[in-house]
Amino acid sequence: MYNNFKLKKIVEFINQNKGSTFSGTGLIVYENLPSLPVEPLINNTLIESNITEANGIAEKLLLINQRDCIYHDGFHLLNKNIDLTHLSYYFSTPINKILKPKLERGSRYRTAFYGSILDDVLCTVIIGDSYDPIFL
């Protein structure tokens, strides 16, 4: 099981401190990275080694998830210890024919919804620029 308290602390910090240039973000908490349908969107992930401290993770995510930052796009990956391991990944989730997300939500929500169903995904989170965080 993953550290739910640490994840909530990170998400709450981001949500409380996001400003007018915050682009929104998606997070994937994973168990087994090689099995995930992800690939990097950038050449440099900006992480020399895992960021393990909650405030450090939140600050890094706030810094890069600004509209004018080239690293804001995609999903950011956290391992089961809620350590930030990778930034800016494309997450290509299969569509489930039985479980359906809400239709009023956008692409990031739909990707997080379908991604949360995958075996090696423990949780997905989206934080919008104009709505509260959604844990899936």
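Just above, that's the structure.
Caption draft 1: Examining unusual backbone geometry more closely. Unlike most non-glycine residues, isoleucine 82 shows phi in positive territory, near 60°. With respect to the element layout, isoleucine 82 can be found in the loop between β3 (75–78) and β4 (84–91). Since its relative accessible area comes to 0%, isoleucine 82 is described here as buried.

Caption draft 2: How the structure looks around the packing of helix α1 (residues 4–17) against helix α2 (residues 54–64). Two numbers describe how α1 lies on α2: the axes approach to 9 Å, and their chain directions differ by 40°. Accordingly, the angle class assigned to the pair α1 and α2 is oblique. Considering the relative orientation of α1 and α2, their crossing is right-handed. Between α1, through Lys6, Lys9, Ile10, Phe13, Ile14 and Asn17, and α2, the contact on the second element is made entirely by Ala54, Asn55, Ile57, Ala58, Glu59, Leu61 and Leu62. Among the residues forming the contact of α1 with α2, the class breakdown is eight nonpolar, two polar and three charged.

Caption draft 3: The arrangement of the environment of asparagine 65 in detail. Structurally, asparagine 65 can be placed in the loop between α2 and β3. Residues asparagine 65 and lysine 18, 47 residues apart in the sequence, show an inter-C-alpha distance of 9.1 Å. With residues near it in sequence (within four places) discarded, asparagine 65 still touches Thr21, Phe22, Ser23, Gly24, Thr25, His72 and His76. In this structure the side chain of asparagine 65 is engaged in a polar contact, spanning 2.7 Å, whose partner is the backbone oxygen of leucine 61.

Caption draft 4: Structural view of the sheet that holds strand β2 (residues 38–40). Sheet architecture is open: six strands sit in the order β2-β4-β3-β1-β5-β6, paired in mixed fashion. Two strands lie at the open edges of the sheet, namely β2 and β6 (134–135), each paired on one side alone. Taken strand by strand, α1 contacts β1 (25–30), β5 (121–127) and β6, and its axis lies near 15° from that of β5. Strands in contact with α2 are β1, β3 and β4; relative to β4, the strand with the most contacts, it is inclined by about 35°.

Caption draft 5: A look at the side chain of threonine 111. Looking at where threonine 111 falls in the secondary structure, it is placed in helix α3 (residues 107–115). Contact partners of threonine 111, with chain neighbours within four places excluded, come to Phe75, Phe91 and Thr93.

Caption draft 6: Local environment of the pairing of β1. Along β1, six of the six residues are buried, which leaves the element largely enclosed by surrounding structure. Covered by surrounding structure in β1 are Thr25, Leu27 and Val29 together with Gly26, Ile28 and Tyr30, the residues of both alternating faces. In this structure, β1 lies alongside β5, joined through six bridges in antiparallel fashion. Following the sheet pairing, tyrosine 30 is matched in β5 by valine 121. Note that β1 and β3 share four bridges and pair parallel. When the bridges of β3 are listed, glycine 26 appears paired with phenylalanine 75.

Cut-offs used in this document
Residues numbered from 1 in each chain as written. Predicted model: local features only at pLDDT ≥ 70, side-chain atom pairs only at ≥ 80, totals over all residues. Heavy atoms only, no water. Helix = DSSP H or I, 4+ residues; strand = E, 2+ residues; numbered from the N terminus. Buried < 20%, exposed > 50% of the residue type's maximum accessible area, 1.4 Å probe, protein only. Axes fitted to C-alpha atoms, helices over the stretch in contact; angles between N-to-C directions. Parallel < 35°, antiparallel > 145°, perpendicular 65-115°, else oblique. Left-handed = near helix turned anticlockwise from the far one by under 90°. Contact = heavy atoms within 4.5 Å. Nonpolar A, V, L, I, M, F, W, Y, C, P; charged D, E, K, R; others polar. Polar contact = N/O pair within 3.5 Å; in protein donor to acceptor, adjacent residues only side chain to side chain. Pairing = 2+ DSSP bridges.

Spatial relationships are all this shows, so hold off on functional conclusions.
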